[in-house]
Structure formats: C-alpha cells, structure tokens
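The primary structure of each chain is shown beneath.
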Amino acid sequence: MPFVTTDDGVEIFYKDWGTGQPIMFHHGWPLSSDGWDAQLLFFVHHGYRVVAHDRRGHGRSAHVGYGHEMDRYASDVAAIVTHLDLHDVVHVGHSAGGGEVARYVARHGGRRVAKAVLIGAVPPTMVLTESNPGGLPIEGFDGYRERLATNRSQFYLDVATGPFYGFNRPGAKPSQGAILHCWRQGMAGNAQAHYESIEAFSETDFTEDLQAIDIPTLLLHGADDQIVPIADSSELSAALIKSATLKVYPGLSHGMCTVNSETINADLLDFVES
C-alpha cells in the first residue's frame, strides 16, 4: 500500500487514482479516506486524479500517540503533496478535514493550490468562548471524550445511526450500509488519536487561516447539520474568506456527501470546472 513518511517518522497512508488535474480529499473525524468513496469514483470517471489520505492515527496510517493537532495535520498534507509533486490542486475537506484544508492552504499551499472546498466544516471555531458566543459548550466535547473512552464502538454506532446522517429525523430511511461503513472507519482508527483530536477540531481557531485564503473557495453545508451547526461555522467562514461562495442545502445532514452524493458531486464538479 502507498505510504509517505513524515519528518517526524509517521507513515501516512494515501490513495492516488486516475490522471488529470488533482483533487485532494480530507476526511472528517473519526473517519478515513474511505469516507470519500462516492466522490473518488465519481471524479476518476470524470477524468480527474484523486488523492485521499488517512490522517495520522486514523484508518491505515500509523497509530501513533503524538502529533494530533492541526499544525501537524497540515504538515502531513504538505508531505503528501510534495511526495506526489502535486500542482494546481483542488482541496476538498469535510468537517475536521475542512479545518485541515484551511490550515494547509493558509500555511503551506502557495502556488500548488487552485481552489478549496469546505463541506460541513468546523471553522472558524466550534467551541463556545468569549470571542465565539455562538459556539457549542465544552461540556458537549467532554461528553464525546467520555463516551469514546468508555465504549467507543457504541458511541460511533450511535452517532452514525442518529445525527450524523440525520437518520434520527422523522420520516428518515436509515441505510444500514452507510451506518456500518461509518462505524467501520471509526473503529479502524486509534482510540488515543481520536480522543486527542477532539480538541484539535473543536478548539482550534481558524480565523486567521480563513482570512489568509485568497483562492476561490466553495462552502457547502446542510441546513440540518446536527454535528456542525451552520450558523457558527460556514456562515461565519464565508464572511472571512475573500473569494467565498456559500451554498446551503435545506434539510440535508452532516453526512450528505454519502447519503446525498449525487447532489454534492454535481455541485463539486461545477465548481472544479468553473
């Protein structure tokens, strides 16, 4: 399997399929590059080169006990981009991966980056603070940590069965395949990495990163996102990025890239080709 070794000795797994302009996908917590199945196949079939990695401690990357913070994640992305000598890249990030994209583009992207897409992404900041009064209370993230530490398997199953895909909404039709695929990705990762990265995605302030982004950027968000509420994320991020376009999907969930992939893929393709 393809790996790149970072400057601190961590092996990062990546997928590299197809030819053409590269699109790099950055997954959410606590998933892996497998969460992008519907997008990777779609864009390969449309003549693009697709790259997706498993974040350190996630999926098939090394299950190390260190480096679980956004600066390091962005550096890991830079290592993959350099290793594959990628240019004119469109970076697409979901949830925590959206934060990773913002940090990477702002600090490492340079001339290698063409466009960025943030989907249901965590920036500017998730947690409630004096400077972020619309954020989510820290007690909620402490609850994540407690449930992960006591019964990670059940926690991930409950999230996938309920709010992640909106399967807890009246009239929803749960997909057992989607639920199990989400659960499997989470359980393939490292419990310590997942525990420590809760702080990375919930407490990192991406304000300066967003302000530094000067490439065309598309923000996509489900109006019924129960994991990353839109009012304190994409709506604020769109106002901080110089060349941002925000598209909101009424009724769609945090997991819309999977359960509404046809809709999302069509809009991604339009943006990439614009």
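Report on the accompanying structure. (Residues numbered from 1 in each chain as written. Predicted model: local features only at pLDDT ≥ 70, side-chain atom pairs only at ≥ 80, totals over all residues. Heavy atoms only, no water.)

Details of the pattern of salt bridges
Once the charged atoms of two side chains with opposite charge are near each other, the side chains can pair. By the definition in use, this model includes 20 salt bridges. The salt bridge partner of K15 is D34, with a shortest N-O separation of 2.6 Å. Placement of K15 in strand β2 (residues 11–17) and of D34 in the loop between β3 (22–26) and α1 (37–45) is noted, with a sequence separation of 19 residues between them. Summarising the burial analysis for this pair, K15 and D34 share the class buried. Overlapping salt bridges bring together D7, D8, R56, R72 and D76 as one network. (Salt bridge = Lys/Arg side-chain N within 4 Å of Asp/Glu carboxyl O. Helix = DSSP H or I, 4+ residues; strand = E, 2+ residues; numbered from the N terminus. Buried < 20%, exposed > 50% of the residue type's maximum accessible area, 1.4 Å probe, protein only.)

Some remarks on the layout of surface pockets
Empty space left among the atoms is revealed by rolling a probe the size of a water molecule over them. The calculated volume of the largest pocket comes to roughly 360 Å³. Around the largest pocket, the lining is made up of 25 residues, and of these W29, Y144, F155, V159 and I227 lie nearest the centre. Residue assignment for the lining of the largest pocket shows that the elements contributing at least two residues are α4 (138–161) and α5 (176–188). Residue contributions to the lining of the largest pocket peak at nine residues, all from α4. Residues that form the lining of the largest pocket fall into these classes: 19 nonpolar, four polar and two charged. (1 Å grid on protein atoms, 1.4 Å probe; cavity = no way out; pocket = protein on both sides within 12 Å on 5 of 7 lines; lining within 4 Å. Points joined across faces, edges and corners; volume = space filled by probe spheres on them. Nonpolar A, V, L, I, M, F, W, Y, C, P; charged D, E, K, R; others polar.)

A few points about unusual backbone geometry
For the bond running from W29 to P30, omega is -5°, close enough to zero to count as cis. By secondary structure assignment, the location of P30 is in the loop between β3 and α1. Residue P124 is bonded to the preceding P123 through a cis peptide linkage, with omega at 5°. Among the secondary structure elements, P124 is positioned in the loop between β6 (113–119) and α4. Look at D88: it is not a glycine, yet its phi comes out positive at around 55°.

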